[in-house]
Amino acid sequence: MSTGLVLSDDTRLLLGRFADTLEARRPGAEMSEPIRLARALVLAEQLHGPTEAAFAAEQDLLAAAPPVRDGQTRGEYAALLRLIAQGVTAA
């Protein structure tokens, strides 16, 4: 399935970094919406510093990364992010 969403290079990069962090730390633990929101901010600021570009990157990342489903693990969410970055699937 195609997302219909055109992802920037920054968004693809951030989706991959987001997935990396989730897989590296407790991939079997439950994912949560607060983690999704916090990681988007942290990753965007790591890439751009505390700038307007970081705000824009954070908003694009949140638009691309779907809300967390009940019971979804960090590893499952990471796999979903990778598929989205590759243009394979949407939420």
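## Regarding the packing of helix H1 (residues 9-24) against helix H4 (residues 74-85)
One can describe the packing of H1 onto H4 by two numbers: an axis separation of 8 Å at closest approach and a directional angle of 160 degrees. Relative to H4, the element H1 lies roughly antiparallel. Along this stretch, H1 crosses H4, giving a crossing that reads as left-handed. Of the residues in H4, those in contact with Arg12, Leu15, Gly16, Phe18, Ala19, Asp20, Thr21, Leu22 and Glu23 of H1 are Arg74, Tyr77, Ala78, Leu81, Arg82, Ile84 and Ala85. Broken down by class, the residue content of the contact of H1 with H4 amounts to nine nonpolar, two polar and five charged.

## Quick look at the environment of His48
With respect to the element layout, His48 can be found in helix H2 (residues 33-48). C-alpha of His48 to C-alpha of Arg69: the two residues are 21 residues apart in sequence and 29 Å apart in space. Not counting the four nearest positions on each side in its chain, His48 is found in contact with Asp10, Ala53, Ala54 and Ala57.

Rules and cut-offs
- Residues numbered from 1 in each chain as written.
- Predicted model: local features only at pLDDT ≥ 70, side-chain atom pairs only at ≥ 80, totals over all residues.
- Heavy atoms only, no water.
- Axes fitted to C-alpha atoms, helices over the stretch in contact; angles between N-to-C directions.
- Helix = DSSP H or I, 4+ residues; strand = E, 2+ residues; numbered from the N terminus.
- Parallel < 35°, antiparallel > 145°, perpendicular 65-115°, else oblique.
- Left-handed = near helix turned anticlockwise from the far one by under 90°.
- Contact = heavy atoms within 4.5 Å.
- Nonpolar A, V, L, I, M, F, W, Y, C, P; charged D, E, K, R; others polar.

Note that all results are geometric; they support no functional claim without further evidence.
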